[in-house]
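# Breakdown of the fold
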Amino acid sequence: MTETVLRLSTRQGRWVITATVLGSSLALLDGTVVNIALPHIGEDLGSDVAGMQWVLSGYTLALASLILLGGALGDRWGRRRVFVWGTVWFAAASLLCGIAPDITMLVIARILQGVGAAMLTPGSLALISASIHEDDRGAAIGLWSGLGGVAGAIGPLLGGWLVEVAGWRSVFLLNLPFAVVVVWASMRHVPESRDPHPPDHLDVLGSVCAVIGLGALTYGLIEMNLIAGVVGTVALIAFVVVERRSPNALVPPSLFGSRMFVVANLVTLAVYAALGGVFFLLVLQLQLVAGYSPIEAGVATIPITLAMLAFSSRAGSYAQTHGPRLPMTVGPALAAIGLLLMTRIGPGANYWTVVLPGVVVFGLGLSAMVAPLTAAVLGSVPVEQSGIASGVNNAVARTSQLLAVAALPGIAGIDAESMIDPDSFSQGFRIAMYICIALLLVGATIAAALIRAPAPPTPPADSVACKPHCDVTGPAVQPTLARSNRTPPNG
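This write-up is about the structure you can find in this document. This is a predicted model, so every value here is computed, not measured. (Residues numbered from 1 in each chain as written. Predicted model: local features only at pLDDT ≥ 70, side-chain atom pairs only at ≥ 80, totals over all residues. Heavy atoms only, no water.)

### Points about a negative patch on the surface
Taken together, Asp 415, Glu 417, Asp 421 and Asp 423 make up a surface patch of like negative charges. Among the structural elements, Asp 415 can be located in the loop between helix 15 (386-412) and helix 16 (422-450). Judged by its relative accessible area of 37%, Asp 415 is partly exposed. (Patch = residues over 30% accessible without salt bridge, like charges linked within 9 Å, V, L, I, M, F, W, Y side chains within 5 Å. Areas by Shrake-Rupley, 256 points an atom, 1.4 Å probe, with all protein chains shown as cover. Salt bridge = Lys/Arg side-chain N within 4 Å of Asp/Glu carboxyl O. Lys, Arg positive; Asp, Glu negative; His and termini not counted. Charge placed at Lys NZ, Arg CZ, Asp CG, Glu CD. Helix = DSSP H or I, 4+ residues; strand = E, 2+ residues; numbered from the N terminus. Buried < 20%, exposed > 50% of the residue type's maximum accessible area, 1.4 Å probe, protein only.)

Structure representation (structure tokens):
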């Protein structure tokens with residue numbers, strides 16, 4: 001098919017940004033807003049800690065397991081089509097969440113929400129890459145990132161306000177009108193695109209192994225079931241074997257030939273596990289122990305997003321000029337100091353002297369790390385593989401967050417009794433934060449030890465300067481466009 005290429009300054013180009021930002025924001029907002037609502041969900045539906053873990057983990061499980069398949073479906077069947085399907089699916093599942101009569105139905109609906117998010121999330125950025133002219137693509141992605149950051153900033157505040165004014169069910173029902181706008185804008189203004197040379201077959205076996213592996217392992221960690229944990233581990237090992245042998249692998253083994261790609265994903269695995277634990281437990285600590293209302297707990301975390309909005313672009317520019325090693329080392333270490341400050345949060349904690357210092361330092365650490373980490377992933381592979389590289393890194397991040405939320409409460413001794421005993425919950429929170437601190441320091445150590453500083457640029461043989469898409473992982477900077485391994489991206 002002939003693909004339409006739009007300039008960002010045109011009306012249709014702006015509509016593409018609007019539709020994709022709103023679509024990706026649905027999935028982003030749902031995560032931050034639901035975190036704030038968890039204590040009220042637990043109280044209203046009579047749920048213990050395990051139930052609240054499943055409310056978060058069910059969504060993340062489906063998203064992490066299926067996000068690569070969602071990207072592959074978009075490449076094959078049409079990115080706009082799958083993006084719209086995902087949005088409609090997400091909206092229908094949101095309605096089920098809003099009317100769920102008990103915790104079991106809510107968890108099932110959350111899993112269905114994650115399936116929809118796995119279809120719409122990869123398509124959001126892929127539609128921009130396919131639809132916007134290459135001269136405007138950087139600015140378009142910057143708009144997509146910045147507006148998504150604004151959505152992340154208002155999420156906790158909006159969630160807290162909705163829970164207090166209209167109840168926790170409104171958090172899910174709010175998705176419905178936004179989904180209508182996304183579907184209308186996409187069908188009317190976003191051009192269709194697809195991979196002209198998709199793989200011969202979808203990697204169904206790999207997807208099944210990923211779903212079974214992550215599902216069983218998550219169940220084993222939350223419910224302390226050894227057999228399920230073993231089944232999950234075996235299925236994930238089978239996933240690796242299938243991917244190494246499949247000609248249509250969701251995760252092409254060739255990606256791991258890049259040292260930078262491997263290191264960046266190891267850092268992601270450690271750091272995002274810590275983030276998953278922090279964002280799950282911090283809002284519970286603020287509400288159950290410190291006595292904050294939902295809106296106060298939401299406002300308390302806003303400085304994290306504000307710090308990222310203010311400094312992420314500077315960190316990304318620094319990494320582009322000097323390499324990602326320093327920010328990917330300093331960022332996690334600084335975030336660990338922020339968590340150490342957060343361990344002081346207890347009953348009646350004063351926001352300005354106890355909560356804010358930890359939140360600000362933690363946010364500064366994230367702002368130093370996240371953009372360079374993303375740039376390291378995208379810059380470690382040929383430009384033709386940037387889509388699948390980003391998808392794999394996203395899946396790694398989601399998976400580590402999923403497993404952290406499943407495992408940390410049990411390891412830290414947070415159980416059903418802790419929900420009604422602030423002292424017990426606070427003790428578990430501190431233990432969990434110490435574990436997250438260790439994970440962040442592991443990520444910093446991996447970055448410091450294994451990321452190489454970029455070599456000085458070597459003038460190309462012709463007169464064309466090597467500016468975008470240069471691989472800085474080898475002994476000299478070479479344009480990735482000159483490489484021959486042009487594996488089609490999967491979303």
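### Description of helix 13 (residues 325-342)
For helix 13, with 18 residues, the first-to-last C-alpha span of 26 Å sits near the 26 Å given by 1.5 Å per residue. Here helix 13 has its buried residues at Pro 327, Met 328, Thr 329, Gly 331, Pro 332, Ala 335, Ala 336, Gly 338, Leu 339 and Met 342. For helix 13, the elements touching its buried residues are helix 10 (259-289), helix 12 (302-322), helix 14 (351-379) and helix 16. (Expected span 1.5 Å × (residues − 1). Contact = heavy atoms within 4.5 Å.)

### A look at the side chain of His 189
Structurally, the position occupied by His 189 is in helix 7 (residues 175-189). Setting aside residues no more than four positions away along its own chain, His 189 makes contact with Arg 11, Gln 12, Trp 15, Val 16 and Trp 184.

### Brief notes about the packing of helix 10 against helix 16
At a closest axis distance of 9 Å, the pairing of helix 10 and helix 16 adopts a crossing angle of 160°. In terms of their interaxial angle, helix 10 and helix 16 are classed as roughly antiparallel. For helix 10 against helix 16, the interelement crossing comes out left-handed. Taken together, the residues of the contact of helix 10 with helix 16 break down into 26 nonpolar, four polar and one charged. (Axes fitted to C-alpha atoms, helices over the stretch in contact; angles between N-to-C directions. Parallel < 35°, antiparallel > 145°, perpendicular 65-115°, else oblique. Left-handed = near helix turned anticlockwise from the far one by under 90°. Nonpolar A, V, L, I, M, F, W, Y, C, P; charged D, E, K, R; others polar.)

### Here we look at helix 4 (residues 103-131)
In a regular helix each residue adds 1.5 Å, so 29 residues correspond to 42 Å; helix 4 covers 41 Å between its end C-alpha atoms and thus fits that length. The axis of helix 4 is deflected most strongly, by about 30°, at Ser 124. Counting buried positions along helix 4 yields 22 of 29 residues, so the element is predominantly enclosed. The N-terminus of helix 4 is capped by Asp 102, whose side-chain oxygen sits 3.2 Å from the backbone nitrogen of Thr 104. (Bend = angle between axes of the 7 residues up to and from the residue. Polar contact = N/O pair within 3.5 Å; in protein donor to acceptor, adjacent residues only side chain to side chain.)

### Observations regarding a nonpolar patch on the surface
Taken together, the side chains of Val 204, Val 208, Ile 212, Ile 227 and Val 231 define a hydrophobic patch exposed on the protein surface, amounting to about 440 Å² of accessible area. Those elements giving two or more residues to the nonpolar patch turn out to be helix 8 (204-223) and helix 9 (226-245). In terms of residue count, helix 8 provides more of the nonpolar patch than any other element does, three residues in total. As for its placement among the helices and strands, Val 204 is situated in helix 8.

### A look at unusual backbone geometry
The backbone phi angle of Met 224 is positive, close to 55°, even though this residue is not glycine. Inspection of the secondary structure puts Met 224 in the loop between helix 8 and helix 9.

### Focus on the nonpolar core
Ranked by size, the top nonpolar core spans 123 residues in total, and within it Leu 106, Leu 281, Leu 339, Ile 345, Val 355 and Phe 362 carry the most contacts. Residue contacts for Val 355: discarding those within four places in its chain leaves Leu 286, Tyr 292, Ala 300, Ile 345, Ala 349 and Asn 350. (Core = buried A, V, L, I, M, F, W, Y, C linked by side-chain atoms within 4.5 Å.)

### Considerations on the packing of helix 2 (residues 49-77) against helix 3 (residues 79-99)
For the pair helix 2 and helix 3, interaxial distance at closest approach is 8 Å and the crossing angle is 150°. One element, helix 2, and the other, helix 3, form an angle in the roughly antiparallel class. Side by side, helix 2 and helix 3 meet where Tyr 59, Gly 70, Leu 73, Gly 74, Asp 75 and Trp 77 of the first sit next to Arg 79, Arg 81, Val 82, Trp 85 and Phe 90 of the second. The residue makeup of the contact of helix 2 with helix 3, split by class, is six nonpolar, two polar and three charged.

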